[in-house]
Amino acid sequence: MKEKTRLVQLTHPEKGRKVAVVAEPFLVLVDEITSIYHLALKAMDSEVSIHLLLDQQLSNEKLDYDKVYFGTSDWRLLPSFDNPDVVSNCMVSGTGLTHYSSAMNRNVMHQSEAGNALTDSMKVYQWGVDGGKPVEGEIGIQPEWFYKGTGSILKGHGEALHVPAFGNDGGEEPEIAGVYIINRKGQPIRIGFTTGNEFSDHVMEKKNYLYLAPSKLRNCSIGPELVLSDDFSDLNGNVSVSRGEEVLWSADIKTGENNMAHSLANLEYHHFKYPDHRQPLQGHVHFFGTGAFSFGAGISLESGDQMKVQWDGMGRSLVNSLKIAENKESLVSVNSIL
């Protein structure tokens with residue numbers, strides 16, 4: 001089987017941004033192209049395969065991947081996708097209650113509100129089980145959907161994920177995210193998949209499930225690699241949280257259509273059915289849900305803790321530290337033009 005093409009975005013204080021192809025133990029720089037967004041756009045505009053374009057523009061310059069990955073090089077890894085032209089023209093969103101264990105974690109959070117009855121979380125999950133994988137050509141049940149922010153919230157491998165002063169908590173959510181561009185005709189085009197830490201405020205969410213929306217408005221991370229692939233059937237991985245040399249918690253995780261209540265096509269339809277999500281040249285990073293997170297095991301993260309997400313076949317692990325704001329929450333005033 002041919003190995004999947006894996007790409008990274010990186011930057012240098014003097015040489016600026018670059019795209020590179022992963023060829024372990026090296027990164028091979030791509031000539032002229034400064035972002036995966038522009039690489040994909042050029043492939044679409046010229047109507048050639050993105051693989052052919054990479055072959056045509058691959059340079060002879062190699063970087064030591066270990067040095068870049070572990071932060072001992074002047075080169076620094078960026079999020080595996082963004083829209084460098086207009087950062088706000090990249091939507092970051094996600095789909096929840098796609099995995100049974102995630103639905104059960106949410107169910108435990110809100111069980112007291114429902115008594116012995118099914119919580120709304122379990123109802124929505126069951127709807128997915130019953131109608132989330134329609135036959136080809138038909139429309140299935142819509143999943144839970146949430147908005148996280150624009151491209152400005154995306155962090156890369158090695159960067160800290162921040163708990164703001166107004167936040168109650170911050171915790172990892174190990175996921176796969178789909179990466180898309182809307183072409184000039186308004187057609188969504190999937191570029192590939194990337195490892196993600198969707199990162200949410202579970203304490204806020206636990207107060208009341210109606211607080212899910214603000215609990216998701218946090219930074220998150222993707223990368224270090226974007227995999228050019230259409231395969232989202234069955235992925236195995238591991239997530240862990242460490243404090244210094246001690247591993248506080250870890251779990252084996254699964255995702256992909258075989259392990260979810262919805263098909264990929266159904267999730268994509270219910271995201272892109274909205275005309276506003278099909279604006280030409282828009283970028284999209286869409287998380288597909290998680291099967292485990294440390295908050296569900298009673299772990300409360302502290303500043304300096306490390307979160308690690310690894311998926312087989314998705315390249316190197318995504319590692320981020322946690323940073324909790326030390327300042328107190330302060331009012332943001334609104335001025336009037338009158």
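Every value quoted in this text rests on a predicted model; they were computed, and no experiment measured them.

Caption draft 1: The sheet that holds strand E16 (residues 306-311), seen in detail. With mixed pairing, five strands are arranged side by side in an open sheet as E9-E17-E16-E13-E14. One side of each edge strand has no neighbouring strand; the edge strands of this open sheet are strand E9 (160-163) and strand E14 (246-255). This sheet shows a mean twist of 20° between the axes of neighbouring strands, independent of strand direction. The sheet contact formed by E9 and strand E17 (residues 318-324) spans four bridges and is parallel. Paired with Ala160 across the bridge in E17 is Ser321.

Caption draft 2: Quick peek at the pattern of salt bridges. Counting across every chain of the model gives 16 salt bridges. We note a salt bridge from Arg190 to Asp230, for which the minimum N-O separation is 3.0 Å. Of the two residues, Arg190 is situated in strand E11 (residues 188-197) and Asp230 in the loop between strand E12 (220-228) and strand E13 (235-243); the sequence distance between them amounts to 40 residues. Across the pair Arg218 and Asp201 runs a salt bridge, and its minimum N-O distance is 2.9 Å. In this pair, Arg218 sits in the loop between helix H7 (212-215) and E12 while Asp201 sits in the loop between E11 and helix H6 (202-207), placing the two residues 17 residues apart along the sequence. Per residue, the accessibility class of Arg218 equals that of Asp201, and both read buried. Through salt bridges with shared partners, a single ionic network connects Arg6, Glu24, Asp66, Glu225 and Arg316.

Caption draft 3: Fine view of a nonpolar patch on the surface. The grouping of Trp145, Tyr147 and Leu217 at the surface amounts to a nonpolar patch, some 270 Å² of accessible area in total. With respect to the secondary-structure elements, Leu217 resides in the loop between H7 and E12. For Leu217, a relative accessible area of 43% gives the class partly exposed.

Caption draft 4: The nonpolar core, seen in detail. One finds Phe81, Ile191 and Val285 to be the most contacted residues of the largest nonpolar core, which totals 29 residues. For this core, the secondary structure elements donating two or more residues are strand E2 (16-23), helix H1 (36-46), helix H2 (50-57), strand E6 (90-96), strand E10 (174-182), E12 and strand E15 (283-287). Setting aside anything within four residues of it in sequence, one finds Ile191 in contact with Ile36, Ala40, Phe81, Val179, Tyr180, Ile181, Leu226, Val227, Leu228 and Ser229. Grouped together as the second largest cluster of nonpolar side chains are 28 residues, Leu235, Ala251, Leu264 and Met314 included.

Caption draft 5: Geometry of the packing of H1 against H2. With their axes 9 Å apart at the nearest point, H1 and H2 run at an angle of 110° to one another. By the angle between their axes, H1 is roughly perpendicular relative to H2. The handedness of the crossing between H1 and H2 is right-handed. The segment H1 lies against H2, with Leu39, Ala40, Lys42 and Ala43 engaging Ile50, Leu53, Leu54 and Gln57. Its residues assigned to classes, the contact of H1 with H2 comprises six nonpolar, one polar and one charged.

Conventions and cut-offs
Residues numbered from 1 in each chain as written. Predicted model: local features only at pLDDT ≥ 70, side-chain atom pairs only at ≥ 80, totals over all residues. Heavy atoms only, no water. Pairing = 2+ DSSP bridges. Helix = DSSP H or I, 4+ residues; strand = E, 2+ residues; numbered from the N terminus. Axes fitted to C-alpha atoms, helices over the stretch in contact; angles between N-to-C directions. Salt bridge = Lys/Arg side-chain N within 4 Å of Asp/Glu carboxyl O. Buried < 20%, exposed > 50% of the residue type's maximum accessible area, 1.4 Å probe, protein only. Patch = residues over 30% accessible without salt bridge, like charges linked within 9 Å, V, L, I, M, F, W, Y side chains within 5 Å. Areas by Shrake-Rupley, 256 points an atom, 1.4 Å probe, with all protein chains shown as cover. Core = buried A, V, L, I, M, F, W, Y, C linked by side-chain atoms within 4.5 Å. Contact = heavy atoms within 4.5 Å. Parallel < 35°, antiparallel > 145°, perpendicular 65-115°, else oblique. Left-handed = near helix turned anticlockwise from the far one by under 90°. Nonpolar A, V, L, I, M, F, W, Y, C, P; charged D, E, K, R; others polar.

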